[in-house]
Structure formats: C-alpha cells, structure tokens
Amino acid sequence: MLITLNERTLQLRSPIATAHGTTTHRKIIEITVQQDGFFGYGESAPLPGFGLETFEETQAALAEWSKNPHSLPTLPAALSGAATALDYLEQSKSQIGLPAGSVAVQALVSATNISSLEKQITDAINDGYSAVKLKVAASDAMTDIKRIDIAVKLIDNQAVLRLDANGGWTTREALDVLTSTNTSRVALVEEPTSDPENWQQIYEETGICIGADEHLTDQAQINRLVDLEAAQTFVLKPSVLGGPPPTREIASEAARNNINVIISSFLDGPIALRAARDLALELAPLEIHGLGTAPLFVEDLPIDVQPVNGYLRRPQTNAPKTFI
Ligand SMILES: [Mg+2]
C-alpha cells in the first residue's frame, strides 16, 4: 500500500469563539492510500482544546504509519484520518457505487458581537437552513441570554435553534440562561456543563434535549452517559472518534438506548466533511446534521460539501464499471 501525505491550511472567514478558545484557521493533513489501482482519501486535523493530540504529533504518527502501513496510528486525529482513507479504499475496491442522496445540515453561528450575530442568523435563514446552531458559554451569562433572545426572535418559526456550550457553563449558569429566555424554539443544547452528572436535571427543568459531544471520545464516558440517562442526542464527530468504524459502533449503541444521532464536522476540510456526509446518509438520513461548515472558510471547498438550501448533496459516486 502506498500512503501519501499533503499538508494544507484553511482560513476561517471569522474567528470561531467557543468555551475551548478561539479558532482562526485549520491545519490539515490530507491522506491518500493507494493499492492495486484503487484509492482512498482521509484527512487529519487536530484542534487545540478538544482533547486531541497536537498537530506535530499527528504529523509524526501519520509519517510513521506511511512507512509501516500495517500498524495504524493510535492518536485520535491521526487514526481518524487513516481509518477514513482505508474505509474509502475498501469502498473503492468493492466497486459498488454509493447512491445519490442529500442530508439536511445546520448553520453554525458563533458571533458574540450583536450586529454580526444578527447578520449570520439572518443569512442562515435566507439561505434555507432548517436549523441554526449557536455557540454559547464563550462569554458571560447575560451576554448569552441576550444572544439567545435575538436568535429566537430572528429565527421565529422558520428553523430550530440549537445551542452548544462546549461544557463551559456551571449547572447554575446553564439553568439561569436556559430558563431566562424564551427557549420554546431551542431544540438541543450540547454539553451544557463539563460533567454529565447534572444533565438530566437540566433536561427536566428546562425541557431542552441534551446533546453529548466531547464526552463520546471514550467508552467509559459513553457508558456513564447511558447509565445516567444524561443525553437524548449523541453528536458524533467521525474525525475525532477514530473514523467510520467507531462512529458506526457508537451510533449502534445509541440506537439500542433510544438516543438520537447527529453527525458533526470538526470544522473539517473537504475530505473529512465528505466522509461525515456519507456517514450521515448511512446512519441518520433524516436528521439535521452539523455539517454546514464549508462556507465558514475563505477557500472555496468543493461543491458536493457546500450546503445548498440547507442540504449537502452526494452525487452518485464510484459507479461500477460496465463491460459491453
Ligand atoms: Mg459540540
């Protein structure tokens, strides 16, 4: 097997502020695997503050794997990219095409400045998104209450609002913010606090469904989430979880426990975004997924990962060869 690695950087149009810090660009390692004339593609892009390895560690792990392909990387971002490339290599070898399809995706809004916030939400509604996700807990609670209020009013009944605190609130702050505003249009809050112990209480007191995201990177934490009945939705990021195989396993576990699944980008580049789209089509085709992130970049990403009217579309791919 021949493995080649290529580095690129994608610039965000505006910095994305979360409770983990501010992101201005994404450094990405693109992976190509080649065997017997078939190809597979993956992408690794760790992000500081999300519990992953550093970019330099990803570089070293993938370089080592490229010399020794039988030993997969163990670091999560490196493994995710490698496993994605191998999954597509197998898909390519099977010569069975993936059917055309489309999935609904949400717009991601993180602006803290009010006029930028209003513009981003208005643009999302005008662009046809059926869900808007607002990053919260990156500033104080009063600012969040004001931002959520504006979002609820602008969205009205044209879309649902989702919130993502990235674990940045205390239980008191979560309850204060989520009961101080008109949250009837808030469909989900991801990782309201850093400890799932009180998520069920937050769900019961606010009526807002809770999404687990950062807590899905470890099986012991997944078991605890299930035991605590802490989340109604699992937000799966294939580029963090180890690529398609573990994503499929966690989705199965979620289904067994009546937990919904949303597939989400990790501010991914085009290859990981495409892979996440394909997993969304495979695992939860009727959900609204966190995959509307391509327009956040200055660079024009390929058309098949760009949302159109709030949907990502997959053209028919890898059509099997026909012989006459
Ligand atoms: Mg999240």
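Residues numbered from 1 in each chain as written. Predicted model: local features only at pLDDT ≥ 70, side-chain atom pairs only at ≥ 80, totals over all residues. Heavy atoms only, no water.

Details of the confidence of the model for the chain
The condition is simple: As a per-residue measure, pLDDT tells how confident the predictor is, with possible values from 0 to 100. Only heavy atoms enter the contact rule, under which two residues are in contact if any of them lie within 4.5 Å.
Averaged over every residue, the pLDDT of the chain is 94; residues scoring 70 or more account for 98%. Confidence drops under a pLDDT of 50 for residues 320-324, and excluding neighbours within four residues, the segment shows three contacts in the predicted structure.

Here we look at the coordination of the magnesium ion
As a reminder of what qualifies: Sodium, potassium and calcium take a 3.2 Å donor cutoff, other metals 2.8 Å, and in both cases only N, O and S atoms count; water is not among them, so sites may look incomplete. What counts as a helix is a DSSP run of H or I of at least four residues, what counts as a strand is a run of E of at least two, and both are numbered from the N terminus.
Coordination of the magnesium ion by the protein involves Asp 164 (OD), Glu 190 (OE) and Asp 213 (OD), with metal-donor separations of 2.1 to 2.2 Å. Taken in chain order, the donor set of the magnesium ion reads D-x25-E-x22-D. Remark: Asp 213 occurs in the loop between strand E9 (209-212) and helix H7 (219-228) and Glu 190 occurs in strand E8 (residues 186-190); sequence separation between them is 23 residues.

Observations concerning the nonpolar core
Rules: Think of a nonpolar core as a cluster: buried Ala, Val, Leu, Ile, Met, Phe, Trp, Tyr and Cys residues, connected wherever their side-chain atoms sit within 4.5 Å. Each residue is assigned to one of three classes by its accessible area relative to the maximum for its type, calculated with a 1.4 Å probe on protein chains only: buried under 20%, partly exposed between the two thresholds, exposed over 50%. Boundaries of every domain are those given by an automatic assignment or by a domain database.
One finds Leu 134, Leu 161, Leu 163, Trp 169, Phe 234 and Leu 236 to be the most contacted residues of the largest nonpolar core, which totals 69 residues. Of the residues that make up this core, three or more belong to each of domain 1 (2-94) and domain 2 (101-314). Discounting chain neighbours no more than four positions away, the residues touching Phe 234 are Ala 212, Leu 216, Ile 222, Leu 225, Val 226, Ile 250, Ala 254, Ile 259, Asn 260, Val 261 and Ile 262. Phe 55, Ala 61, Ala 82 and Ala 85 belong to the second largest nonpolar core, which has 13 residues in total.

Considerations on the side chain of Gln 232
Which entries qualify depends on this criterion: Polar contact is defined as a pair of N or O atoms within 3.5 Å, subject to the rule that within protein one atom must be able to donate a hydrogen and the other to accept it, and that residues adjacent in sequence are counted only when both atoms are side-chain atoms.
Relative to the assigned elements, Gln 232 resides in the loop between H7 and strand E10 (233-236). In this structure the side chain of Gln 232 is engaged in a polar contact, spanning 2.8 Å, whose partner is the backbone nitrogen of Ile 210. If near-sequence neighbours (up to four positions away) are discounted, Gln 232 is found in contact with Tyr 203, Cys 209, Ile 210, Ile 259 and Asn 260.

Concerning the environment of Gln 34
Structurally, Gln 34 is set in strand E2 (residues 21-35). Through-space distance from the C-alpha of Gln 34 to that of Leu 86 is 9.3 Å; in sequence the pair is 52 residues apart. When neighbours within four sequence positions are excluded, Gln 34 is seen to be in contact with Met 1, Leu 2 and Phe 39.

So, the environment of Val 298
Tracing the backbone shows Val 298 in the loop between strand E12 (288-289) and strand E13 (311-314). Separated by 285 residues in sequence, Val 298 and Arg 13 place their C-alpha atoms 5.2 Å apart. Residues in contact with Val 298, not counting those within four places in the same chain, are Gln 11, Leu 12 and Arg 13.

Section: the environment of Gly 290
Looking at where Gly 290 falls in the secondary structure, it is placed in the loop between E12 and E13. Separated by 23 residues in sequence, Gly 290 and Leu 267 have C-alpha atoms that sit 9.6 Å apart. Excluding its chain neighbours within four sequence positions, the residues that come into contact with Gly 290 are Gln 106, Ile 262, Ile 263, Ser 264 and Ser 265.

Remarks on the domain arrangement of the chain
To be explicit about the condition: Put simply, buried area is how much 1.4 Å-probe accessible surface two parts lose in total, over both of them, once they are put together. Put simply, a salt bridge is a Lys or Arg side-chain nitrogen that is within 4 Å of an Asp or Glu carboxyl oxygen.
What the domain assignment reports for the chain is domain 1 (2-94) and domain 2 (101-314). The C-alpha-based centres of domain 1 and domain 2 are spaced at 22 Å. Counting each side, the surface lost to burial between domain 1 and domain 2 is near 2,600 Å², with a carbon and sulfur contribution of 62%. In this assembly, domain 1 and domain 2 are joined by one salt bridge. Where Asp 87 meets Arg 248, a salt bridge forms, and the shortest distance between an N and an O atom there is 3.2 Å. Along the contact surface separating domain 1 from domain 2 lie 16 residue pairs in polar contact (both at pLDDT 80 or more). For the side of domain 1 that touches domain 2, the secondary structure elements donating two or more residues are strand E1 (2-18), E2, strand E3 (38-44) and helix H2 (76-94). Take the side of domain 1 that touches domain 2: its biggest share by element is 10 residues, from E1.

A closer look at the packing of helix H5 (residues 171-180) against helix H6 (residues 199-206)
Between two packed helices, both the angle of their axes relative to each other and the distance between the axes serve to describe the pair. Under the convention used in this document: Helix axes use the C-alpha atoms of the stretch in contact, all axes being lines fitted to C-alpha atoms, and the angles between their N-to-C directions lie in the range 0 to 180 degrees. Roughly parallel covers angles under 35 degrees, roughly antiparallel covers those over 145, roughly perpendicular covers 65 to 115, and oblique covers all other angles. Crossing chirality is assigned from the near helix's rotation relative to the far helix, an anticlockwise turn below a right angle marking it left-handed and a clockwise turn marking it right-handed.
Look at H5 against H6: their axes get within 10 Å of each other, and the N-to-C directions meet at 20 degrees. The angle between H5 and H6 places the two elements in the roughly parallel class. Handedness of the H5/H6 crossing: right-handed. When H5 is examined against H6, the residues Thr 171, Ala 174, Leu 175, Leu 178 and Thr 179 are found in contact with a partner set consisting of Gln 201, Ile 202, Glu 205 and Thr 206.

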